There are 2 protein chains.
Amino acid sequence: MITLSEENYLKCIYRLGQDKGQKITPTAIADSLGNNPASVVDMIRKLTEKQLIIYDKKKGVELTAQGQKDATLIVRKHRLWEVFLLEKLGYHWDEIHDIAEELEHIKDDSLADRLDKFLGFPEYDPHGDPIPKANGKMPKRYSTTLADVKAGGFCRVAAVKDTTSSFLQYLQKLDISIGTKIQLIEKISFDGSLVISINGAEHKTVSQKFGESLLIDI
Amino acid sequence: MITLSEENYLKCIYRLGQDKGQKITPTAIADSLGNNPASVVDMIRKLTEKQLIIYDKKKGVELTAQGQKDATLIVRKHRLWEVFLLEKLGYHWDEIHDIAEELEHIKDDSLADRLDKFLGFPEYDPHGDPIPKANGKMPKRYSTTLADVKAGGFCRVAAVKDTTSSFLQYLQKLDISIGTKIQLIEKISFDGSLVISINGAEHKTVSQKFGESLLIDI
DNA sequence: AATAAAAATTAGCCTTACCTAATTTTTATT
DNA sequence: AATAAAAATTAGGTAAGGCTAATTTTTATT
Ligand SMILES: [Mn+2]
Ligand SMILES: [Mn+2]
Ligand SMILES: [Mn+2]
Ligand SMILES: [Mn+2]
């Protein structure tokens with residue numbers, strides 16, 4: 001049996017693994033979970049014993065096939081529950097993540113598949129993140145950010161890279177959601193600020209950090 | 001903050017309190033949860049400190065007003081989730097209890113009310129147990145059992161007193177569910193066995209234990 | 001009232017999952 | 001290569017929530 005903490009570590013390692021090429025170190029995991037590196041070292045030992053990860057000083061932490069499978073299922077459940085909370089229970093964008101953080105740990109062999117069917121097999125969660133399929137396959141994940149768009153270019157908001165309440169509430173205030181059309185008017189070379197037009201409305205300026213947190217489809 | 005274990009103890013004490021007149025002792029709680037009485041004594045200390053229960057050697061364990069409120073909310077969530085699992089995800093009668101046992105602990109202020117609304121404010125869970133209302137009120141709970149019916153009498157199955165898979169699967173085999181009409185043909189005085197007719201079908205014999213596990217409406 | 005049985009409590013121990021502080025190892029920088 | 005800084009690890013500790021075994025208290029039975 002896999003515990004709730006072990007599941008959270010697996011999910012964290014899985015997420016860190018998305019930034020390809022980056023080695024997953026104990027400190028990276030500690031930072032990501034807000035835990036102490038010493039605690040991470042303890043858990044690395046446990047997950048290694050359970051054969052869910054392999055830890056090599058040179059290569060860092062890597063998920064085994066089983067670890068990958070377990071992590072993917074947790075992510076699948078997390079994202080499906082987010083769709084449920086938003087679409088069926090009427091929660092807002094910025095309220096669902098924390099609840100899904102708990103729901104993702106509910107254990108039942110057929111739960112994810114039943115939920116998936118009930119929701120109509122959604123491909124993306126409300127933040128635009130791809131929902132792993134029952135077979136482990138994953139819909140395309142967007143990687144271009146608003147900051148990558150060249151001046152004058154148009155794009156469509158595909159996903160958010162940051163799911164904090166503060167970012168999501170800011171987006172709401174700016175009237176931006178998944179699917180919104182944005183034109184990048186100008187890049188300020190001084191600090192990377194971006195002048196944009198949201199759905200053709202008047203020009204607004206946002207920070208570089210903002211631009212890098214918004215994933216888009218060109 | 002109230003922990004998962006504390007919640008399970010509160011719910012257990014709440015349930016034991018339904019059998020009115022019965023004093024709630026550490027051993028009763030231990031038996032009900034499958035824990036050791038020593039562990040129960042530890043938890044009684046913790047819940048007393050948190051002012052969720054009062055323990056008096058003479059009167060046994062009793063919920064405080066706050067304890068009662070907390071326990072009722074857990075029961076409300078448990079039963080609402082059971083309705084969701086059965087009606088929306090298509091689980092069977094005997095599969096939902098264990099999953100709801102986990103779901104009942106998901107913490108969010110508006111979750112129970114949103115789920116209640118989404119499900120159409122159901123009054124009873126799939127086992128016929130009343131779902132506490134948002135205001136704490138409780139629909140009528142059935143207390144007469146099939147074993148209390150007099151020979152020749154008709155009744156309607158209102159709830160199950162036992163939610164074990166073995167009982168629920170047996171009911172399924174007998175084609176009995178909530179709402180089924182039963183006529184009690186005869187009581188065998190030797191061992192309390194009951195001869196019944198289910199929905200007017202041919203006579204069948206069930207045990208006294210069976211009769212005492214089925215709550216009915218006359 | 002004396003005794004036996006049952007219930008409750010205490011003492012001491014275990015595991016999980018965290019922590020801080022100290023130490024060792026690795027990586028960068030001069 | 002020497003040194004400083006950063007990262008990783010070890011050592012030792014805590015709180016929650018269990019356990020068993022021993023002891024004390026309460027309740028029943030003679
Ligand atoms: Mn989680
Ligand atoms: Mn999401
Ligand atoms: Mn529970
Ligand atoms: Mn039920």
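Scroll up to find the structure.
Let us look at the structure shown here. (Residues numbered from 1 in each chain as written. Chains lettered and ligands numbered in written order. Predicted model: local features only at pLDDT ≥ 70, side-chain atom pairs only at ≥ 80, totals over all residues. Heavy atoms only, no water.)

1. Quick word on the coordination of the manganese ion (ligand 1)
All names here are of chain A. The coordination sphere of the manganese ion (ligand 1) contains the protein donors Asn-8 (OD1), Glu-101 (O), Glu-104 (OE) and His-105 (NE2), at a distance range of 2.2 to 2.7 Å. Along the chain, the residues that donate to the manganese ion (ligand 1) are spaced as N-x92-E-x2-E-H. Here Asn-8, found in helix α1 (residues 4–18), pairs with Glu-104, found in the loop between α5 (96–103) and α6 (111–118); they are 96 residues apart in sequence, far enough to count as distant. (Donors = N, O, S within 2.8 Å, 3.2 Å for Na, K, Ca; no water. Helix = DSSP H or I, 4+ residues; strand = E, 2+ residues; numbered from the N terminus.)

2. Comments concerning the protein's contact with DNA strand D
Around DNA strand D, 17 residues are found, and the nearest of them are Thr-27 of chain A together with Thr-3, Ser-5, Asn-36 and Ser-39 of chain B. Within 4 Å of the protein, the contacting atoms of DNA strand D are drawn from sugar and phosphate to the extent of 79%. Tyr-55 of chain A is positioned such that a nitrogen or oxygen atom in its side chain is 3.4 Å from a phosphate oxygen of DNA strand D. Secondary structure elements with two or more residues in the surface near DNA strand D: α2 (26–33) and α3 (37–49) of chain A together with α1 (4–18) and α3 (37–49) of chain B. A class-by-class count of the residues in the surface near DNA strand D yields seven nonpolar, eight polar and two charged. (Near = heavy atom within 4 Å. Polar contact = N/O pair within 3.5 Å; in protein donor to acceptor, adjacent residues only side chain to side chain. Nonpolar A, V, L, I, M, F, W, Y, C, P; charged D, E, K, R; others polar.)

3. Focus: the nonpolar core
Judged by nonpolar contacts, the single largest core of 34 residues is most densely connected at Trp-81 of chain A together with Trp-81 of chain B. Leaving out residues up to four positions away in the same chain, Trp-81 of chain A has contacts with Ala-100, Leu-103, Glu-104, Leu-111 and Leu-115 of chain A together with Trp-81, Phe-84 and Leu-103 of chain B. (Core = buried A, V, L, I, M, F, W, Y, C linked by side-chain atoms within 4.5 Å. Buried < 20%, exposed > 50% of the residue type's maximum accessible area, 1.4 Å probe, protein only. Contact = heavy atoms within 4.5 Å.)

4. Regarding the pattern of salt bridges
All names here are of chain A. The final tally for this structure, using the stated rule, is 20 salt bridges over all chains. The salt bridge involving Glu-104 is made with Lys-11; its shortest N-O contact spans 3.3 Å. One end of the pair, Glu-104, is in the loop between α5 and α6; the other, Lys-11, is in helix α1, with 93 residues separating them in the sequence. By relative accessible area, Glu-104 is classed as buried at 0%. Each of Lys-11, Glu-101 and Glu-104 takes part in one network of salt bridges that share partners. (Salt bridge = Lys/Arg side-chain N within 4 Å of Asp/Glu carboxyl O.)

5. Examining the packing of aromatic side chains
Enumeration over the complete set of coordinates arrives at 15 aromatic pairs over all chains. Ring geometry for Trp-81 of chain A against Phe-84 of chain B: centres 6.5 Å apart, planes inclined by 40°, an arrangement best described as tilted. Residue Trp-81 of chain A is found in helix α4 (residues 65–88), and its partner Phe-84 of chain B is found in helix α4 (residues 65–87); the two belong to separate chains. The residues Trp-81 of chain A and Phe-84 of chain B share a single accessibility class, namely buried. With centroids separated by 4.9 Å and ring planes inclined at 50°, the aromatic side chains of Phe-84 of chain A and Phe-84 of chain B adopt a geometry described as tilted. Residue Phe-84 of chain A is located in helix α4, and its partner Phe-84 of chain B is located in helix α4; the two belong to separate chains. (Phe/Tyr/Trp six-rings, centres within 6.5 Å; stacked < 30°, edge-to-face > 60°.)

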